[in-house]
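Notes for the structure review
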Amino acid sequence: MRLIRMITMAVVAMLAMTAVAQQASLTVNDEARHQTITFTAISDDIVKVDVMPEGWNGTRLQTLASDKALNGRVPKVKTTEGDVSAKMVTENGLSVTFLKSMGQIRMGHGDTDYLVDAISMRDSSRVVLIHKPGESFYGAGERGYSFNLAGDTLINYNSQNYGYQMGEARTKLMGITMPMVISSKGYGLLFDDFCKSSLVLGDKQLEYTTTSPQPISYYVIDGNGRVENVVKNFTWLTGRQELPPLWTLGYITSKYGYHDQRESEGVVDTLKREGYPLDGIVFDLYWYGKEEDMGRLEWDKQQWPDHRQMMHDFKEKGVNVVTISQPYVLTNGRAIDNYRLLDPQGLFCKTDGTDTTHTVTIWVGQGGMFDVSNPATRQWLRNRYKSLTEEGVTGWWGDLGEPEKHPLEIRHWNGLTAEQYHNYYGNEWSKIIYDMFKEEYPDRRPMVMMRAGTAGLQRYSVFPWSTDVSRSWGGMQPQVTIMLNTGLSGLGYMSHDVGGFAVDPENKRDGELYIRWLQLGLFSPMLRTHSTYQAEPYNYKEFGDLTLRIIKERYRWLPYNYTLAYDNARNGLPMVRPLGMYEDDMNFARYDHINDQYLWGRNVMVAPVMQQGAVSRQITFPDGTWVDMNHPERRYEGHSTINYDAPIEVLPLFVRAGSFIPQANYEMQNVGDYNPDKLDIIYYSNDTPSTYTLFDDDLHSTGTLDRDKHREIQFVATPQGRTCFINIQGRGNIDGDTPNKDYRLVIPATPKPKKVKINGKKVKGVNYDKLTGTLTIPVTIADITQTTIIEIDKW
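Everything numeric here is computed off the predicted structure, so don't read it as measured data.

**Notes on the sheet that holds strand β35 (residues 653-656)**
Here we have six strands laid out as an open sheet, ordered β28-β29-β30-β35-β32-β33, and antiparallel in their pairing. Only two strands of the sheet have a single partner each, and these edge strands are β28 (576-577) and β33 (635-637). Judged from the two bridges that link them, β28 and strand β29 (residues 598-600) form a sheet pairing that is antiparallel. Residue pairing across strands places R577 opposite L599, the latter belonging to β29.

Set out below in structure tokens:
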């Protein structure tokens with residue numbers, strides 16, 4: 001009886017969670033097929049399609065859409081209904097039409113058809129959608145085996161893949177799976193379902209099948225032909241990640257594992273002594289004792305005799321502490337006290353049909369599994385996380401959250417089976433930590449490392465990583481594809497264990513691989529080295545100071561990278577972007593075959609070397625003119641392919657002509673030394689006008705976007721014959737900030753100018769390096785909110 005009462009309570013709770021504001025909708029009774037069809041406009045670019053069997057009165061599960069999206073303004077639509085059809089058209093042109101006699105729902109934009117729902121072929125657990133032949137599909141969460149997913153069957157059931165490598169079929173199914181895809185034709189599709197499911201991406205049709213207890217609903221997301229617009233609209237629907245803690249954009253050291261306080265302090269001291277900037281250290285499972293103590297969630301006093309003082313000392317050095325947590329409380333170690341406390345309270349997952357905690361066996365023991373669908377479990381975890389956060393923990397790492405072991409015999413507190421709840425576990429777990437920070441520490445930006453979940457995970461300030469990758473060239477090679485597909489799926493901060501985690505006992509160390517992986521990590525959303533062996537960069541001294549130079553370079557890019565974080569928070573765009581994102585002819589699929597290049601934001605292209613022994617590589621350029629950042633006198637046109645020399649110390653890096661790249665060209669010990677008022681603004685000149693917007697705020701407060709407590713500084717280049725005008729002006733205010741700036745405008749590979757003026761006056765201190773052709777202009781600005789005009793006469 002208790003289990004029945006629990007399920008009933010859960011049903012009531014879930015029904016309450018799905019209440020939304022009034023939306024613009026059109027409902028049609030399909031009497032011939034005994035069902036009701038409803039089109040609901042969520043925005044001017046998103047329509048939800050519901051097809052409900054006649055008389056269905058089951059439970060609605062939690063939607064994948066964000067509350068903010070569902071409770072936003074009611075969009076304007078035009079609806080018509082006649083004997084033959086019923087149609088809804090949004091203000092931006094997305095149309096959804098039900099053809100009554102044919103039993104079809106047609107979706108498109110203007111005269112362009114996207115999809116046809118053959119509702120005569122659907123049942124409560126299966127939907128068939130017809131599309132045009134030849135489309136490519138992307139996203140679907142963490143998919144590492146191919147960028148274009150067309151032609152495959154995607155299983156949505158989160159799975160751990162220890163020691164995976166490129167080319168292995170198991171990389172089709174990883175820790176973050178999402179029932180969504182984006183078409184190369186510029187539209188997207190999200191099934192409103194987190195249960196175990198499959199999506200067949202055939203040449204002419206998509207077939208979706210689910211274990212969900214409710215009929216299938218989905219969102220059609222319009223991009224009007226552009227993938228970039230689809231990503232913006234998808235993240236608007238599922239939620240956008242807030243601005244990150246600035247320290248997450250610095251360097252973070254991690255290992256499996258730092259066993260005790262002495263070792264950890266030694267690692268931090270060594271990194272500092274050798275000149276490495278450092279902003280974080282991640283503690284794997286030894287912070288609470290040994291592997292079999294999992295679920296103890298308490299510092300081990302023998303291994304960490306004064307953890308509070310250690311974290312205080314680290315914080316004084318700008319080093320933030322992140323600690324691991326897992327879903328399991330084992331009974332074969334010292335976590336048994338927690339097990340005995342929590343089991344009578346019903347906080348663990350139960351065996352289906354019983355009131356008995358289900359024993360889950362993992363690689364280091366057995367015990368109970370936190371049932372995070374239970375509000376009481378969430379409250380206990382929140383309280384424990386809070387007490388540890390009060391002691392000095394800055395960020396939380398949720399590991400094994402697929403969940404890695406999730407027996408099918410389990411039924412959760414909310415009434416769902418293991419298969420039905422599995423993918424949503426990581427979202428619910430992340431929300432516990434996110435909500436704790438929002439309510440207990442409202443002025444602190446949360447950092448949640450989580451390797452599993454589904455659509456919408458990003459709205460809980462999650463920094464995912466691509467799980468326990470092999471320390472091998474085959475392990476590094478899928479990382480670009482993983483970052484691309486996951487980024488298109490809304491998770492803009494997907495990263496990886498730099499250096500490779502799972503070590504081959506026969507080949508534990510490969511210095512060349514470590515350097516190339518560190519170069520990839522330099523332009524990844526999070527630069528975190530992690531391994532079971534020699535994870536730290538100071539272990540690779542055979543390359544001189546190369547590892548040090550790479551990590552210091554990360555800090556030079558802080559102003560550019562923080563602006564990318566702003567673009568993610570404001571528009572939902574990832575830091576790692578596909579080459580085809582900005583093609584003038586919208587041929588996004590042109591570069592489907594390239595899996596080792598990507599855009600870092602809009603204006604920078606990264607081409608890491610990912611083959612063992614390679615000292616050169618082939619590079620293909622997307623639309624535009626591209627400047628070699630290593631040799632700025634060299635330029636390349638879009639749609640061309642070259643062979644590029646790249647010895648071990650060289651990372652091929654290119655920038656769009658006309659771009660402004662802000663850099664912090666000074667030494668930092670951590671991001672606390674970053675001064676946004678003192679920057680180099682590097683302008684890669686072009687013959688056509690260009691603009692760039694630099695983001696600035698107080699670097700730590702929450703809600704600086706919503707409260708309009710930030711500044712956008714716009715740089716505009718206007719070439720006019722022999723003269724180039726560069727205008728600089730900031731808009732917005734920052735609490736406690738002064739509006740003065742101390743910039744240097746740097747123009748590489750340019751002729752020596754005849755004269756330089758700022759606001760009509762000749763400038764002192766202008767420097768021209770004849771050897772490199774680099775022009776440096778000091779730009780001291782008393783009030784950034786006023787326009788500063790730089791005039792450069794080229795000859």
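**Here we look at unusual backbone geometry**
The residue after Y256, namely G257, is reached through a cis peptide bond having omega -10°. Relative to the elements of secondary structure, G257 occurs in the loop between β17 (251-255) and α4 (261-273). Looking along the chain, the bond that leaves E402 and enters P403 is cis, with omega of -5°. You can see P403 is positioned in the loop between β24 (395-398) and β25 (410-411).

**Focus: helix α7 (residues 375-391)**
Here α7 spans 25 Å end to end across 17 residues, near enough to the 24 Å set by a 1.5 Å rise per residue. Taken residue by residue, α7 has T377, W380, L381, R382, R384, Y385, L388 and T389 as its buried positions. Considering only its buried residues, α7 is in contact with β19 (320-325), α6 (336-342), β24 and α9 (425-440). Capping of α7 at its N-terminal end is provided by N374; its side-chain oxygen lies 2.9 Å from the backbone amide nitrogen of A376.

**Thoughts on empty space enclosed by the protein**
To locate leftover empty space, one rolls a probe as large as a water molecule over the atoms. Tallied over the full model, the rule gives five cavities of 30 Å³ or more. Roughly 60 Å³ of volume is contained in the largest cavity. Around the largest cavity sit F147, L484, P578, L579, G580, F588, Y591, D592, I594 and Q597, which together line it. Its residues assigned to classes, the lining of the largest cavity comprises seven nonpolar, two polar and one charged.

**Overview of helix α14 (residues 558-571)**
End to end, α14 covers 19 Å across 14 residues, agreeing with the expected 20 Å (1.5 Å per residue, within 8%). Counting buried positions along α14 yields twelve of 14 residues, so the element is predominantly enclosed. Among the residues trailing α14, G572 stands out with phi positive, at a value near 80°.

**Structural notes on the side chain of Q104**
Positionally, Q104 belongs in strand β7 (residues 104-109). A relative accessible area of 15% places Q104 in the buried class. Within polar-contact distance, the side chain of Q104 engages the side chain of R106 at 3.3 Å. Sequence-distant contacts of Q104, defined by excluding residues within four places in its chain, comprise T97, F98, L99, V116, D117 and I119.

**What about the sheet that holds strand β12 (residues 180-183)?**
Read from one edge of the open sheet, seven strands run β1-β2-β3-β16-β13-β12-β10, paired in antiparallel fashion. Each end of this open sheet is capped by a strand with a single partner; those strands are β1 (24-30) and β10 (137-138). With two bridges joining them, β10 and β12 adopt antiparallel strand pairing. Counted as the bridge partner of F137 is S183 from β12.

**With respect to the layout of surface pockets**
Quantified by volume, the largest pocket comes out at close to 1200 Å³. Along the walls of the largest pocket sit 44 residues, with S66, D67, Y434, R459 and Y460 positioned nearest its centre. Put simply, the parts of the chain that give the lining of the largest pocket at least two residues each are α1 (2-17), α2 (67-70), α3 (227-238), α7, α9 and α14. Among the elements that take part in the lining of the largest pocket, α9 stands out by supplying five residues, more than any other. Of the residues that constitute the lining of the largest pocket, the class distribution is 19 nonpolar, twelve polar and 13 charged. Space inside the second largest pocket adds up to approximately 880 Å³. Considering the residues around the second largest pocket, the lining is formed by 33 residues, among which E553, R556, W557, N630 and Q663 are closest to the centre. Elements that contribute at least two residues to the lining of the second largest pocket include exactly α12 (511-522), α13 (546-556), β37 (678-683) and β41 (741-747). Here the lining of the second largest pocket gets seven residues from one element, more than from any other, and that element is α13. Per-class residue counts for the lining of the second largest pocket are 18 nonpolar, six polar and nine charged.

**Here's the deal with the pairing of strand β40 (residues 723-732)**
Note: strand β39 (residues 711-720) against β40, ten bridges, orientation antiparallel. Within β40, the residue paired with A717 across the bridge is I726. Between the end of β39 and the start of β40, which pair antiparallel, lie two residues, with G721 showing a positive phi angle near 65°. Pairing geometry for β40 and strand β46 (residues 788-793), over six bridges, is antiparallel. Bridge pairing links C724 to I792 in β46.

**What about the packing of α12 against α13?**
One way to put it is that α12 packs onto α13 with a least axis distance of 10 Å and a crossing angle of 10°. In terms of axis orientation, α12 runs roughly parallel to α13. The residues of α13 that touch α12, namely those facing Y514, I515, L518, Q519, G521 and L522, are L546, T547, I550, I551, E553 and R554.

**Focus on the side chain of D497**
Within the element layout of this structure, D497 appears in the loop between α11 (479-488) and α12. In this structure the side chain of D497 is engaged in a polar contact, spanning 2.6 Å, whose partner is the side chain of R528. If near-sequence neighbours (up to four positions away) are discounted, D497 is found in contact with W465, T467, D468, V469, W517, R528 and H530.

**Focus on the environment of A535**
Position of A535 among the secondary structure elements: in the loop between β27 (527-529) and α13. For the pair A535 and S254, spaced 281 residues apart in sequence, the C-alpha separation works out to 7.1 Å. Once you skip the residues sitting within four places of it in the chain, A535 turns out to touch S254, K255, R471, Y514, T529 and H530.

**Quick look at the confidence of the model for the protein**
When pLDDT is averaged along the protein, the result is 95; 97% of the residues meet or exceed 70. Segment residues 1-22: pLDDT under 50, and 29 contacts once partners within four positions in sequence are set aside and those in other chains are kept.

**Quick notes on the pattern of salt bridges**
Taken as a whole and judged by the stated rule, the model has 44 salt bridges. Here K172 ties to D152 by a salt bridge, and the two come within 3.2 Å at their closest N and O atoms. Placement of K172 in the loop between β11 (153-156) and β12 and of D152 in the loop between β10 and β11 is noted, with a sequence separation of 20 residues between them. The class of K172 is partly exposed, set by a relative accessible area of 31%. For D152, a relative accessible area of 14% translates into the label buried. Two residues, R445 and D697, come together in a salt bridge whose shortest N-O distance is 3.0 Å. A residue pair is termed long-range when its members are at least 10 positions apart, and R445 in the loop between α9 and β26 (448-450) and D697 in the loop between β38 (690-696) and β39 qualify at 252 residues. A relative accessible area of 3% means that D697 is categorised as buried. Among the charged side chains, a network of salt bridges with common partners joins D399, E402, E404, R451 and D468.

Rules used in this analysis
Chains are numbered independently. Their residues run from 1 in the order of the written sequence. Reporting of local features is limited, given that this is a predicted model, to residues whose pLDDT is at least 70; pairs of side-chain atoms are given and counted only at 80 or more, and all residues count toward the totals for whole chains, interfaces and linings. Calculation of side-chain values draws on the structure's entire complement of heavy atoms; hydrogens and water are dropped beforehand. Strands pair, by our definition, only if DSSP identifies at least two bridges between them. Secondary structure elements are taken from DSSP: a helix is a run of H or I of four residues or more, a strand is a run of E of two residues or more, and numbering for both begins at the N terminus. For a helix, the expected span equals 1.5 Å multiplied by the number of residues minus one. Relative accessible area decides the class of each residue, using a 1.4 Å probe on protein chains only: under 20% of the type maximum gives buried, over 50% gives exposed, and in between gives partly exposed. By the convention used here, residues are in contact when the closest approach between their heavy atoms is within 4.5 Å. We call two N or O atoms a polar contact when they sit within 3.5 Å, provided that within protein one can donate a hydrogen and the other can accept it, with sequence-adjacent residues counted only if both atoms are side-chain atoms. Definitions used for this entry: grid spacing 1 Å over protein atoms alone; cavity, a set of points where a 1.4 Å probe fits but cannot get out; pocket, an open set with protein on both sides within 12 Å along at least 5 of 7 lines; lining residue, one with an atom within 4 Å of a point. Grid points are joined across faces, edges and corners, and a volume is the space filled by probe spheres set on the points. Residue polarity follows a fixed list, in which Ala, Val, Leu, Ile, Met, Phe, Trp, Tyr, Cys and Pro are nonpolar, Asp, Glu, Lys and Arg are charged, and the others, Gly among them, are polar. Note on geometry: axes are C-alpha line fits, over the in-contact stretch for helices, and angles between N-to-C directions span 0 to 180 degrees. We call two directions roughly parallel when the angle between them is under 35 degrees, roughly antiparallel when it is over 145, roughly perpendicular when it lies between 65 and 115, and oblique otherwise. Each residue gets a pLDDT score, which is the predictor's confidence in that residue and runs from 0 to 100. Each salt bridge in this description consists of a side-chain nitrogen of Lys or Arg and a carboxyl oxygen of Asp or Glu lying within 4 Å of one another.

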